[in-house]
Amino acid sequence: MRVIITGAASGIGRAVAELLVAESSAHQMLLTDRDGEGLAVVAAAVGASAGTCVADLSSPDCGDVIVAAALAHMGGVDAVVSNAGIIASAPLVEQTTELFDRIYAINTRATWLLAKAAHPHLAASRGAFVATASMSATQPTPGLGFYSSSKAALLMLVRQLSLEWGPDGIRCNTVSPGPTYTPMTQAGYADADRRAAREAMIPLRKLGMAEDVANTIRFLLSPQAGHITGIDILVDGGMSNNLMPATGGGTGQAASK
Ligand SMILES: NC(=O)c1ccc[n+]([C@@H]2O[C@H](COP(=O)([O-])OP(=O)(O)OC[C@H]3O[C@@H](n4cnc5c(N)ncnc54)[C@H](O)[C@@H]3O)[C@@H](O)[C@H]2O)c1
């Protein structure tokens, strides 16, 4: 498989690259990130199958730049993992138009730009496209108004792609991680009490790991998902089902007569 992975220098993107190289030396990858140093570390770990492209997804030409690098390295594209994203925390009334544009450019627009540039090559290979959204795309999240809404837009963007690209044989899906331990979040979980409180809210009683999300992305890229398109898979340990338990609903109540 010839695959483009964004956000490959860290966290979930890195885990996808490591999963693929562990699976088969036949996979070829174009790893891309704005963090050139981190990318070099991951590329060295992955080995000769990896090409790299340092690119900033906030740039309007990012799709063309990344796909050109992929073609130079691999000669074609069978799969795209549009995974990179950024987070910013503040109430909506304190946010700025600059930050709105930046978050939407990276979390939403870049996926469209990459998809647009990759389309003829994915059509040629009848390939697969997976984007990393978030549990916050469907759950309003305190302090993360730009993030959650940019990920909600991403969910619909990929569903639209699945509709438009289905006749080309291209499958398009998203994964939505819940709380996941990666460099994006690990500082927040350094406080053991905070981590324990978060894990207590998750039915499986543990944070997700980058590998949990990478395994789901791998499934969506695989022939085993060959008739699946336009869906989102939550990888959240069941947390999104925890609203009623968190309110105490159903606990200790007398049965209706
Ligand atoms: N970690 C979580 O709890 C969690 C939960 C839900 C969704 N997600 C999503 O998962 C995806 C991966 O996140 P992660 O946890 O691995 O985070 P991470 O911070 O470890 O990795 C993100 C990578 O994206 C890169 N990146 C950021 N902005 C970029 C830009 N403008 N151009 C190019 N590269 C850029 C970073 O350099 C980094 O290497 C993101 O889309 C994130 O929103 C993460």
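Procedures and definitions
Residues numbered from 1 in each chain as written. Predicted model: local features only at pLDDT ≥ 70, side-chain atom pairs only at ≥ 80, totals over all residues. Axes fitted to C-alpha atoms, helices over the stretch in contact; angles between N-to-C directions. Helix = DSSP H or I, 4+ residues; strand = E, 2+ residues; numbered from the N terminus. Parallel < 35°, antiparallel > 145°, perpendicular 65-115°, else oblique. Left-handed = near helix turned anticlockwise from the far one by under 90°. Contact = placed C-beta atoms within 7 Å. Nonpolar A, V, L, I, M, F, W, Y, C, P; charged D, E, K, R; others polar. Core = buried A, V, L, I, M, F, W, Y, C linked by C-beta atoms within 7 Å. Buried ≥ 20, exposed ≤ 12 C-beta atoms within 10 Å, placed from the backbone. Expected span 1.5 Å × (residues − 1). pLDDT = per-residue confidence, 0-100. Pairing = 2+ DSSP bridges.

Some words on the packing of helix α4 (residues 97-125) against helix α5 (residues 145-165)
Helix-helix packing is characterised by the crossing angle of the two axes and by the distance between the axes.
Here comes step 1: Interhelical geometry of α4 versus α5 gives an angle of 15 degrees and a closest axis separation of 9 Å. The angle between α4 and α5 places the two elements in the roughly parallel class. As α4 packs across α5, the resulting crossing turns out to be right-handed. Every residue of α5 that contacts α4 at L99, F100, I103, Y104, N107, T108, T111, W112 and A115 is listed here: F146, Y147, S150, K151, A153, L154, L157 and L161.
Here comes step 2: Its residues assigned to classes, the contact of α4 with α5 shows twelve nonpolar, four polar and one charged.

Re the nonpolar core
Here comes step 1: One finds I4 and A17 to be the most contacted residues of the largest nonpolar core, which totals 66 residues.
Here comes step 2: Element by element, the count of residues in this core is highest for α4, at nine residues.

Side note on helix α7 (residues 210-221)
Here comes step 1: Here α7 is twelve residues long and its end C-alpha atoms lie 17 Å apart, about the 16 Å a rise of 1.5 Å per residue gives.
Here comes step 2: Within α7, nine of the twelve residues are buried, which leaves it mostly tucked inside the rest of the structure.
Here comes step 3: For α7, every residue scored as buried is listed here: A210, D212, V213, A214, T216, I217, R218, L220 and L221.

Structural notes on unusual backbone geometry
Here comes step 1: Its identity as a non-glycine residue notwithstanding, R126 has a phi of 50 degrees, on the positive side.
Here comes step 2: A tally of 12 C-beta atoms within 10 Å means that R126 is categorised as exposed.
Here comes step 3: Positive phi values are uncommon outside glycine, yet R205 reaches one of about 60 degrees.
Here comes step 4: As for its position among the elements, R205 is in the loop between α6 (192-200) and β8 (208-209).

With respect to the environment of L161
Here comes step 1: Relative to the helices and strands, L161 is located in helix α5.
Here comes step 2: When the 24 C-beta atoms within 10 Å are taken as the criterion, L161 is described as buried.
Here comes step 3: Each C-alpha atom of the pair L161 and Q95 lies 30 Å from the other, and the pair is 66 residues apart in sequence.
Here comes step 4: Residues contacting L161, with those up to four places away along its chain left out, are A115, F129 and C172.

With respect to α5
Here comes step 1: An ideal rise of 1.5 Å per residue puts 30 Å on 21 residues; α5 measures up with 30 Å between its terminal C-alpha atoms.
Here comes step 2: Among the residues making up α5, those that are buried are G145, F146, Y147, S148, S149, S150, K151, L154, L157, V158, L161 and W165.
Here comes step 3: Turning to α5, the residues buried within the fold contact α4, β5 (128-132) and β6 (171-177).

A look at the confidence of the model for the protein chain
Here comes step 1: The predicted model of the protein chain has a mean per-residue pLDDT of 95, with 96% of residues at 70 or higher.
Here comes step 2: Element-level mean pLDDT values for the protein chain span from 76 in helix α8 (residues 243-247) up to 99 in strand β4 (residues 79-82).

Description of the sheet that holds strand β2 (residues 28-33)
Here comes step 1: Within the open sheet, the seven strands sit side by side as β3-β2-β1-β4-β5-β6-β9. Their pairing is parallel. Two strands close off the open sheet at either side, each with one partner strand: β3 (50-54) and β9 (232-235). If you compare each strand with its neighbour and ignore which way they point, the axes differ by 15 degrees on average.
Here comes step 2: Across the face of the sheet, helix α1 (residues 11-23) comes into contact with β1 (2-6), β2, β3, β4 and β5 while running at roughly 160 degrees to β1.
Here comes step 3: Relative to β6, α5 is tilted by about 160 degrees, and along the sheet it contacts β5, β6 and β9.

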